[in-house]
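# Structural description and commentary
Each chain is listed here by its residues.
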Amino acid sequence: MLQSIRDNSQSIVAKVIVGLIVVTFALFGVESLVSLTTGTKAPATVNGVEIGDQELFRAVELQRRQLLAQMGANADPAALDDNLIRTMVLDRLIDDAVLVQSASEQGMAISPQMLDQMIVSTGDFQLDGSFNRDQFEAVLRNVGLTPLTYRDYLRRETLIEQEKSGYQLSAFVTDDQLKNLLALDRQTRDMAWFEVPAAPVRAQIKVTDAEIAARYETQRDLYQTEEQVSIRYLLLDKASLLGDIEVSDAELQGQYQQVLASFSSDEEREAAHILIEVSDAQDAAAAEAKAQALKKQLDDGADFAALAKANSDDPGSAASGGELGLNARGMFVGPFEDALFAMKEEGEVSEPVRTEFGYHLIKLGKIVQTEPPSFDDMKAELREQILTQKGESRYVEQLERLADVTFSSGNLEEPADELQLEIQTSEPFGRAGGSDAVSANPRVLAAAFSAELINDGVNSAPIELDAGRSVVIRVQEHLRPRQQTQDEVADVIHQELLEEKTAARIDALAGELLDQLKQGADMAELAAAQNQSLTELADVSRASPDLAAEVRAELFRMPQPQADATSYASVELNSGGRAIVALKGVKVPNLDDAVSADELKAMRAYLAGRQGQQDYQDLVRTLKDAAEIEKN
């Protein structure tokens, strides 16, 4: 029984339950219960200040929620590496602790009143433009925070931002720095180049068997096979359990009754209005008087739409006779909505209603009460819901049986017979994973290469591949690394030597071409000798699309030629060849003509911001290097 509980604690359902308990604890403040387990070290300390288990737990849970939200509706929690998330989050908390301590030492602070103002002015915490406590707590609950933990988080982030802003906003760029940087940025160059391709050189290279043998002998320790395993496994797939599930009419009716019990009927009302605006040209008294006059005309039988077209100050609805369409509660400002939903009869017109926009005459159109969907309309959806529920229940039941049987069994045959599952076998794969979904799964890889499965020859506990599939694996064969023979690696060594010889010969050829150019050879003739054409370009900028990135980068690294001389360089290309580059001239723009005052101002602000960011990054590195940080 105890062993069954231990095995079942690895199941998807158990993890979901435990996750819900943990989140509940985080949301409703049971830190005091957890804190009773004393005697363990905090995950980290920064200059003697602890980063506690609860702080780390909350941050990890928040990070998990954010990652799952980014992954979308079909997110698989099992795909997240909990150890990696914990490490990343702990490192971030250490950074934050260092920065908060630094900000506090600089005398920076934030008052409780300012925190309150920041919270109540946050749009996500407001309803109808005003702070709403229920909305505030609901938003926090959705991301795993309590009001207290959020206040602390906001305080820390604001302190960090204060110091960061101090560095960024105090940075500056001198006039000379700005002009020099602009001159470099706007500089253009005249150049010529041709390629020395690798293919013709490679075709002339020969690699002998003796060279292969010599390389093998000198580097034989490098030529080892990869450690591999092959596994046998049982795959439990929830989708395969749905085929013979039946859904009765009684179950459909029961599910439908649950829908009806939870259905909330909403009322929608069709409205039209005439707005008499309060403005500088028309005060409140005048606007109200005009609205009262229009109301009298309506009482005397005037057409509402005609009056709206002629008198309403709402440009969005006046042309259509004041029509606002069919709307539920929550669409209009308070006084308007209260008046609309207080009216009893279709066609009724309200007395003038004052809002922030002015005075409204509101006409009630039809009243529509939403009705629950019919049983026939929902039948397919209800069947799918019941199938999903039954499938989940059967999957959990089968997963528990799988865990029990495979734990006590010395093979996979017995569990396969009992659960009517097929034993599958993988091809050998290394620690990087195989080509199928099972052998590529990180959790499967960790289990397959564990000492327990390799040395003890036991079945694994159920491993979740995703929300609907789990496997139990058993190592069938463990292939240890071994020395490869020369014949096995001959092709690899041949290719290595070929590339090395090609690179050496093409470098030598490029060097010879550069020497000839420096001695006065004609560049076009040298290009022709390589069966290449010479490309000449003028006014090449740092962003020019006409050159390969590696050639353009080298062009702007080359020294400026003196007088009528030319500078030359060789550049390795991504293709393996070389580019022979000639720099013929450098042109520096006249900044007075090329850059406007607005551009200078914008560039100064941009460069100062970059400098401030760099200063702050240097501060962070310095603070971390000087801090006493201990991880446990």
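Bear in mind that the values here come from a model prediction, so they are computed numbers and not experimental data.

## A look at the overall build of the protein chain
When you go through the protein chain residue by residue, the secondary structure sums to 24 helices and 17 strands. Counting only C-alpha atoms, the protein chain reaches 110 × 85 × 55 Å along its principal axes. Residues counted as buried form 36% of the 632 residues belonging to the protein chain. Across the protein chain, the fraction of contacts at a sequence separation of at least 24, relative to all contacts at a separation of at least 6, is 71%. Total accessible area computed for the protein chain in this model is approximately 36,200 Å², and 50% of it derives from carbon and sulfur atoms.

## Quick word on the packing of aromatic side chains
Within a pair of aromatic rings, the relevant descriptors are the distance that separates the centres and the angle that separates the planes. Under the criterion given, the structure shown has ten aromatic pairs. Ring geometry for Phe 125 against Phe 136: centres 4.8 Å apart, planes inclined by 75 degrees, an arrangement best described as edge-to-face. Of this pair, Phe 125 sits in the loop between helix H6 (112-120) and strand E3 (126-127) while Phe 136 is found in helix H7 (residues 133-142), placing the two residues eleven residues apart along the sequence. The same class applies to Phe 125 as to Phe 136, namely buried. For the pair Phe 125 and Tyr 150, a centre-to-centre distance of 5.6 Å together with 90 degrees between the ring planes defines the contact as edge-to-face. Of this pair, Phe 125 sits in the loop between H6 and E3 while Tyr 150 sits in helix H8 (residues 147-170), and the two are 25 residues apart along the sequence. In this pair, the class of Phe 125 matches that of Tyr 150, namely buried.

## Quick notes on the pairing of strand E16 (residues 578-587)
Of all ten residues making up E16, eight are buried, and the element is well covered by its neighbours. Here nine bridges tie strand E5 (residues 188-196) to E16, and the two strands are oriented antiparallel to one another. For Thr 188, the partnering residue across the bridge sits in E16 and is Lys 587. Pairing between strand E15 (residues 567-572) and E16: six bridges, direction antiparallel. Within E16, the residue paired with Glu 572 across the bridge is Arg 578. As consecutive antiparallel partners, E15 and E16 are separated by five residues, and within that stretch Gly 576 has a phi angle of approximately 100 degrees, a positive value.

## What about the confidence of the model for the protein chain?
In the predicted model, the protein chain carries a mean pLDDT of 86, and 92% of its residues have values of at least 70. Every residue in residues 1-38 scores below 50 in pLDDT, and together they form 41 contacts with partners more than four places removed in sequence or on other chains.

## Examining helix H5 (residues 82-105)
With 24 residues, H5 extends 34 Å between its outermost C-alpha atoms, agreeing within 8% with the 34 Å of an ideal straight helix rising 1.5 Å per residue. The first or second residue beyond H5 is Gly 107, which carries a positive phi of 80 degrees.

## Observations regarding the sheet that holds E5
In space, the four strands of this open sheet follow the order E14-E5-E16-E15, with antiparallel pairing throughout. Single-partner strands in this sheet number two, and they are strand E14 (535-540) and E15. Sheet twist, expressed as the mean angle between neighbouring strand axes with direction ignored, is 25 degrees. Packing against the sheet, helix H20 (residues 486-518) makes contact with E5, E15 and E16, and its axis sits at approximately 35 degrees to E16.

## A few points about unusual backbone geometry
Positioned with a positive phi, Gln 420 is a non-glycine residue whose angle comes to about 55 degrees. Examined against the element boundaries, Gln 420 turns out to sit in the loop between helix H17 (413-419) and strand E11 (423-425). Here Asp 539, not a glycine, exhibits a phi torsion of approximately 55 degrees, which is positive. Within the secondary structure, Asp 539 sits in strand E14. You can call Asp 539 partly exposed: its relative accessible area is 42%.

## Digging into the nonpolar core
If you look at the biggest cluster of nonpolar residues, it comprises 17 residues, and the most contacted ones within it are Val 229, Ile 231, Val 444, Val 471 and Ile 473. Breaking this core down by element, the ones donating at least two residues are strand E6 (228-237), helix H18 (442-448), helix H19 (451-456), strand E12 (463-466) and strand E13 (469-479). Counting residues per element, this core draws most heavily on H18, which supplies four residues. Excluding its chain neighbours within four sequence positions, the residues that come into contact with Val 471 are Tyr 233, Leu 234, Leu 235, Val 438, Val 444, Ser 460, Ala 461, Pro 462, Ile 463 and Leu 465. Ranked by size, the runner-up nonpolar core spans 16 residues in total, among them Phe 194, Val 196, Met 523 and Ile 580.

## Remarks on the packing of helix H11 (residues 209-218) against H20
Put simply, H11 and H20 touch, their axes get as near as 9 Å, and they point 105 degrees apart. The angle between the axes of H11 and H20 places the two elements in the roughly perpendicular class. Counting all contacts with H11, which are made through Glu 211, Ile 212, Ala 213, Arg 215 and Tyr 216, the residues of H20 involved are Gln 486, Val 489, Ala 490, Ile 493, His 494, Glu 496, Leu 497, Glu 500 and Lys 501. Among the residues forming the contact of H11 with H20, the class breakdown is seven nonpolar, two polar and five charged.

Rules used in this analysis
Residue positions are given per chain, counting from 1 as you read along its sequence in written order. Owing to the predicted nature of the model, reporting of local features is limited to residues with pLDDT of at least 70; listing and counting of side-chain atom pairs is limited to 80 or more, with chain, interface and lining totals taken over all residues. Only hydrogens and water are removed before side-chain values are computed, so all heavy atoms of the structure are retained for them. Each helix is a run of H or I in the DSSP string that is no shorter than four residues. Each strand is a run of E no shorter than two, and both are numbered from the N terminus. Each residue gets one of three labels from its accessible area relative to the maximum for its type: buried under 20%, exposed over 50%, partly exposed in between, using a 1.4 Å probe on protein chains only. What makes two residues a contact is simply this: any of their non-hydrogen atoms within 4.5 Å. Per-residue accessibility takes into account occlusion by the displayed protein chains alone, with areas from the Shrake-Rupley method and a 1.4 Å probe. The rule is short: rings of Phe, Tyr and Trp, with Trp giving its six-membered ring, pair when the centres are within 6.5 Å, and they are stacked under 30 degrees, edge-to-face over 60, tilted in between. The rule for pairing is simple: two strands pair if DSSP sees at least two bridges between them. The score called pLDDT rates the predictor's confidence residue by residue, from a low of 0 to a high of 100. For a helix, the expected span equals 1.5 Å multiplied by the number of residues minus one. Interaxial angle, 0 to 180 degrees, is taken between N-to-C directions of lines fitted to C-alpha atoms, where a helix line uses only the stretch in contact. To form a nonpolar core, buried Ala, Val, Leu, Ile, Met, Phe, Trp, Tyr and Cys residues must be joined to one another through side-chain atoms within 4.5 Å. Any angle that is under 35 degrees is reported as roughly parallel, and any over 145 degrees as roughly antiparallel; angles of 65 to 115 degrees are reported as roughly perpendicular and all others as oblique. Under the convention adopted here, Pro, Cys and the residues Ala, Val, Leu, Ile, Met, Phe, Trp and Tyr are nonpolar, Asp, Glu, Lys and Arg are charged, and Gly plus all remaining residues are polar.

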